[in-house]
Amino acid sequence: MCTYLTEKIRIDGSGKGAQGYFGLTEAMVYVDHPQHAPYEHTVNIDFLNPALGASARVAVELTEEAALALVDAIRSALAAAPPGLASSGQAASAAH
């Protein structure tokens, strides 16, 4: 069953596609039929920058369990880091 419900958010980050890294401005999350994953339905996440055209997209198809584990892992990683370390307000550093 397709829900046709899509969560679309503005994001600030980078993704890597076939041409290398590019800036990301949007993410869409929805439950639908995957293009590649061997399941009837998946949680699909598209990271994109529409201003750069169709190739500026990173697509992810996850099982429900994998998507929930990813949410937990993101929360754990952020909780373990100093507050604001990965915030958009941080200064860029030449040394990584």
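We now turn to the structure provided with this report. (Residues numbered from 1 in each chain as written. Predicted model: local features only at pLDDT ≥ 70, side-chain atom pairs only at ≥ 80, totals over all residues. Heavy atoms only, no water.)

### Observations concerning the pairing of strand β1 (residues 6-17)
Threshold: Exposed residues in this analysis have more than 50% of their type's maximum accessible area, buried residues have under 20%, and partly exposed residues fall in between, with area computed by a 1.4 Å probe over protein chains only. Working definition: helices are DSSP H or I runs of at least four residues, strands are E runs of at least two. Numbering for both runs from the N terminus. Any two strands with at least two DSSP bridges between them are considered paired.
β1 sits mainly on the outside: 1 of its 12 residues count as buried. Where β1 and strand β2 (residues 20-32) come together, 10 bridges link them in antiparallel fashion. In the strand pairing of β2, Ser14 is matched with Gly23. Taking the residues between adjacent antiparallel strands as the criterion, β1 and β2 are bridged by 2 residues.

### Some words on a nonpolar patch on the surface
Our working definition: Here the term patch refers to residues with relative accessible area over 30% and no salt bridge, with like charges joined within 9 Å and nonpolar side chains (Val, Leu, Ile, Met, Phe, Trp, Tyr) within 5 Å. Reported accessibility uses the Shrake-Rupley method at a 1.4 Å probe radius. Residues are deemed covered only where the shown protein chains occlude them. We define a salt bridge as a contact between a side-chain nitrogen of Lys or Arg and a carboxyl oxygen of Asp or Glu at a distance within 4 Å.
Nonpolar side chains collect at one region of the surface, where Leu70, Ile74 and Leu78 lie side by side and expose about 280 Å² of accessible area between them. Relative to the helices and strands, Leu70 is located in helix α1 (residues 64-80).

### Regarding the sheet that holds strand β3 (residues 42-48)
In plain terms, the rule: Axis lines are fitted to C-alpha atoms, over the contacting stretch for helices. Their N-to-C directions set the angle, which ranges from 0 to 180 degrees.
The antiparallel open sheet is built from 4 strands, whose spatial order is β1-β2-β3-β4. The outermost strands of the open sheet, each flanked by one partner alone, are β1 and β4 (57-62). Between one strand and the next, the sheet's axes are offset by a mean angle of 25 degrees, whatever the strand orientation.

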